Amino acid sequence: MTKADLVEEISKETGLSKKDTGIIVNLIIENITRALAEGEKVELRGFGSFKVKSRKARKARNPRTGASVDVPAKLVPYFKASNELKDKVNR
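One structure accompanies this document, and this report is about it.

How each quantity is defined
- Residues numbered from 1 in each chain as written.
- Predicted model: local features only at pLDDT ≥ 70, side-chain atom pairs only at ≥ 80, totals over all residues.
- Heavy atoms only, no water.
- Helix = DSSP H or I, 4+ residues; strand = E, 2+ residues; numbered from the N terminus.
- Contact = heavy atoms within 4.5 Å.
- Salt bridge = Lys/Arg side-chain N within 4 Å of Asp/Glu carboxyl O.
- Buried < 20%, exposed > 50% of the residue type's maximum accessible area, 1.4 Å probe, protein only.
- Expected span 1.5 Å × (residues − 1).
- Phe/Tyr/Trp six-rings, centres within 6.5 Å; stacked < 30°, edge-to-face > 60°.
- Lys NZ or Arg CZ within 6 Å of the ring centre and 35° of its normal.
- Patch = residues over 30% accessible without salt bridge, like charges linked within 9 Å, V, L, I, M, F, W, Y side chains within 5 Å.
- Areas by Shrake-Rupley, 256 points an atom, 1.4 Å probe, with all protein chains shown as cover.
- Lys, Arg positive; Asp, Glu negative; His and termini not counted.
- Charge placed at Lys NZ, Arg CZ, Asp CG, Glu CD.

Here Thr-21 lies in helix 2 (residues 18-37). Beyond its immediate sequence surroundings of up to four residues, Thr-21 is in contact with Val-7, Ile-10, Ser-11, Thr-14 and Leu-16.

Next up on the list: the pattern of salt bridges. One pass over the structure, following the stated rule, counts five salt bridges. In this structure, Arg-45 engages Glu-43 in a salt bridge whose closest nitrogen and oxygen atoms are separated by 3.2 Å. Two residues, Lys-59 and Asp-70, come together in a salt bridge whose shortest N-O distance is 2.8 Å. Residue Lys-59 is located in strand 3 (residues 58-61), and its partner Asp-70 is located in strand 4 (residues 68-71); the two are separated by 11 residues in the primary sequence. Across the pair, Asp-70 and Lys-59 agree in class, each one exposed. Among the charged side chains, a network of salt bridges with common partners joins Glu-8, Lys-12 and Lys-18.

Next up on the list: helix 1 (residues 3-14). The periodicity of an α-helix, 3.6 residues per turn, causes residues three or four positions apart to be oriented the same way. Taking 1.5 Å per residue as the helical rise, helix 1 with its 12 residues ought to reach 16 Å, and the 16 Å between its terminal C-alpha atoms agrees with that figure. Count one or two residues on from helix 1 and you reach Gly-15, which has phi positive near 85 degrees.

For the rest of this paragraph, the subject is the packing of aromatic side chains. A complete count under the given rule lists two aromatic pairs for this structure. Taking 5.4 Å as the distance between ring centres and 45 degrees as the angle between the ring planes, the aromatic pair formed by Phe-47 and Phe-79 counts as tilted. Remark: Phe-79 occurs in strand 5 (residues 74-81) and Phe-47 occurs in the loop between strand 1 (42-44) and strand 2 (48-55); sequence separation between them is 32 residues. With a relative accessible area of 38%, Phe-47 lands in the partly exposed category. Taking the centre distance of 4.9 Å and the plane angle of 50 degrees together, the rings of Phe-50 and Phe-79 count as tilted. With Phe-50 in strand 2 and Phe-79 in strand 5, the pair connects residues that are 29 residues apart, well separated along the chain. Connected via pairs of aromatic rings, a cluster forms that spans Phe-47, Phe-50 and Phe-79. One cation-aromatic arrangement involves Lys-53 over Tyr-78; the distance from NZ or CZ to the ring centre is 3.8 Å.

Here we take up the environment of Val-52. As for its position among the elements, Val-52 is in strand 2. On a C-alpha basis, the gap between Val-52 and Gly-66 in space is 31 Å, while along the polypeptide they are 14 residues apart. In this view, Val-52 contacts Leu-36, Leu-75 and Val-76; residues no more than four positions away in its chain are not counted.

This brings us to a positive patch on the surface. A contiguous patch of positive charge on the surface is contributed by Lys-41, Lys-51, Lys-53, Lys-80 and Lys-86. You can call Lys-51 partly exposed: its relative accessible area is 33%.

Distances and angles like these do not, on their own, reveal function.
Written out as structure tokens, the structure is:
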């Protein structure tokens, strides 16, 4: 499902226009992104939680040349599904 599909489905169920629904979906995504960028955890009960994890610096290999490459430490977004979501997917 793409963001456009999501907007269409929500628009059908709520009776809102696709334009208004698109604005709402974009605002939700922007707010989740902003919170993660500020180091906050975002929890959507019954769906899951988003948080930022840090990855340590490491050595990697270039598969083409075999040369060693330094990969710097970085922050990565992480999603953990709730037990409710896992149960619904595995029905």
